[in-house]
Amino acid sequence: MAAVRRGCWPWGSLLGLLGLVSAAAAAWDLTSLRCNFGAFCECDFRPDFQGLECDLAQHLVGQHLARALVVKALKAFVQDPAPTKPLVLSLHGWTGTGKSYVSSLLAHYLFRGGLRSPHVHHFSPVIHFPHPGHLERYKKDLKSWVQGNLTACSRSLFLFDEMDELAPGLIEVLRPFLGPSWVVYGTNYRKAIFIFISNTGGEQINQVVLEAWRSRREREEIRLQELEPVISQAVLDNPNHGFWRSGIMEEHLLDALVPFLPLQRHHVQHCVLNELAQ
């Protein structure tokens, strides 16, 4: 997949000029003035949906379901002034289909600092939870880390990579933070975003795509309703997945299971050309 960029703005056009004028005017509003005189967590939260949609349309190839689902869920959540729960997305598909790319784009277009923002937190089992024998300590540390960062800034993004490698039971400490309660441990967490990434369900997704091809159905005719049940079952049947026997699944705390379809030859060629163009 192509590197994250902000190359979708038509600066040479009249719309680009109007955008610059609007941005200059907005710089004088009260929020911007506050940001100039202090470090507020909301100052780093600058959603750019136009840029996100443009980048996804140009560079996320072959993923009509993921593109539409992520944008729809994100817009509805961010534009809600008082969400009752955080946004929780679980991305599924084979390696190389765009899951990590999408998560990096979300950080890039939601936070001014992107992945380097102090309010974007990326967890990897290999780096942060490498020893299965330390599970209880990891539970305590993870709960403390999430609670502390949400206390500092409710507009936080948490990325959990390689859920297939995460010890079952560890992620369960997040369950109180993912539900529809108002306050947990004295912390307002309803504006947070949690994204879980895994390869689980990839084989099942590929099978659905293969059957559609055999039936001579267009790739874009595949619907989310065909994929959600098989992805969910694949997670429940995988004892190595972080959600195995988890109350997070049982209580339906995931807002969306986002499928990433296998890429075809012309999709891969498109990705290569994008990279060469950089």
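Everything below is about the structure shown above.
All of these numbers come straight from a predicted model, not from anything done at the bench. (Residues numbered from 1 in each chain as written. Predicted model: local features only at pLDDT ≥ 70, side-chain atom pairs only at ≥ 80, totals over all residues. Heavy atoms only, no water.)

## Considering the overall build of the chain
Defined as follows: Only DSSP runs of H or I reaching four residues or more are called helices, and only runs of E reaching two or more are called strands; each is numbered from the N terminus. The buried label goes to any residue with under 20% of its type's maximum accessible area, the exposed label to any with over 50%, and the partly exposed label to all in between, with areas taken from a 1.4 Å probe on protein chains only. The contact criterion used throughout is that any non-hydrogen atoms of two residues lie within 4.5 Å. Using a 1.4 Å probe, accessible areas were evaluated by the Shrake-Rupley method; residue-level cover was limited to the displayed protein chains.
A tally of helices and strands in the chain yields 13 helices and five strands. Within the chain, the fraction of its 278 residues that count as buried is 49%. Long-range pairs, those at least 24 residues apart, make up 79% of the contacts in the chain between residues at least 6 apart in sequence. Total accessible area on the chain is roughly 14,500 Å²; 57% of this is exposed by carbon and sulfur atoms.

## Structural notes on the pattern of salt bridges
Proximity of charged atoms lets side chains of opposite charge pair with each other. The condition is simple: Think of a salt bridge as a Lys or Arg side-chain nitrogen and an Asp or Glu carboxyl oxygen that are within 4 Å of each other.
Taken as a whole, this structure holds seven salt bridges when the rule is applied. With a closest N to O distance of 3.6 Å, Glu136 and Lys139 form a salt bridge. Of this pair, Glu136 and Lys139 both sit in helix H8 (residues 135-152), three residues apart, which is roughly one turn of the helix. Put simply, Asp141 and Arg137 hold a salt bridge, and the shortest N to O gap is 3.9 Å. Of this pair, Asp141 and Arg137 both sit in helix H8, separated by four residues, roughly a single helical turn. A relative accessible area of 41% places Asp141 in the partly exposed class. Several salt bridges share partner residues, and in doing so they unite Glu172, Arg175 and Glu251 into one network.

## A word on the side chain of Arg219
Note the cut-off: The charge count treats Lys and Arg as positive and Asp and Glu as negative. His and the chain ends do not count.
Mapped onto the secondary structure, Arg219 falls in the loop between helix H10 (202-214) and helix H11 (224-236). Lacking a salt bridge, the buried Arg219 has Glu220 as its closest oppositely charged neighbour, with an N-O distance of 5.1 Å.

## So, the packing of aromatic side chains
Describing an aromatic ring pair means giving the distance of the ring centres and the angle of the ring planes. Rules: Only Phe, Tyr and Trp rings are paired, with Trp represented by its six-membered ring, and only when their centres lie within 6.5 Å; those with planes under 30 degrees apart are stacked, over 60 edge-to-face, the remainder tilted.
Summed over the entire model, instances satisfying the criterion amount to eight aromatic pairs. With 6.2 Å between their ring centres and 15 degrees between their planes, Phe123 and Phe129 make a pair best called stacked. For the pair Phe123 and Phe129, a shared accessibility class is recorded, and that class is buried. When the ring of Phe160 is compared with that of Phe196, the centres are 5.2 Å apart and the planes differ by 25 degrees; the resulting orientation is stacked. Of this pair, Phe160 sits in strand E3 (residues 157-160) while Phe196 sits in strand E4 (residues 193-198), and the two are 36 residues apart along the sequence. Across the pair, Phe196 and Phe160 agree in class, each one buried. Every member of this aromatic cluster is reached through a ring pair, and the members are Phe123, Phe129, Tyr138, Phe160, Phe196 and Phe243.

## Some details on the packing of H10 against H11
Packed helices, taken two at a time, are described by the angle between their axes plus the distance between the axes. Filter applied, for reference: All axes here are fitted lines through C-alpha atoms, helices being fitted over the stretch that makes contact, and every angle between N-to-C directions spans 0 to 180 degrees. Convention used here: angles under 35 degrees read as roughly parallel, angles over 145 as roughly antiparallel, angles from 65 to 115 as roughly perpendicular, and any remaining angle as oblique. The sense of a crossing depends on the near helix, which, turned anticlockwise from the far helix by less than a right angle, makes the crossing left-handed and, turned clockwise, makes it right-handed.
Interaxial distance between H10 and H11 falls to 8 Å at its minimum, and their mutual angle equals 150 degrees. Taken together, the axes of H10 and H11 are roughly antiparallel relative to one another. Between H10 and H11 lies a crossing of right-handed hand. Every residue of H11 that contacts H10 at Gln204, Ile205 and Val208 is listed here: Glu226, Leu227, Val230, Ile231 and Ala234.

## Some thoughts on the packing of helix H4 (residues 49-59) against helix H5 (residues 64-78)
What counts is decided by this rule: Amino acids outside the nonpolar list (Ala, Val, Leu, Ile, Met, Phe, Trp, Tyr, Cys, Pro) and the charged list (Asp, Glu, Lys, Arg) are all regarded as polar, and Gly is one of them.
Closest axis-to-axis distance for the H4/H5 pair is 11 Å, and the angle between their directions is 175 degrees. Considered as vectors, H4 and H5 are oriented roughly antiparallel to each other. Counted together, Phe49, Leu52, Glu53, Leu56 and Ala57 of H4 and Arg67, Val71, Leu74, Lys75 and Val78 of H5 form the full contact between these two elements. Partitioning the contact of H4 with H5 into residue classes produces seven nonpolar, no polar and three charged.

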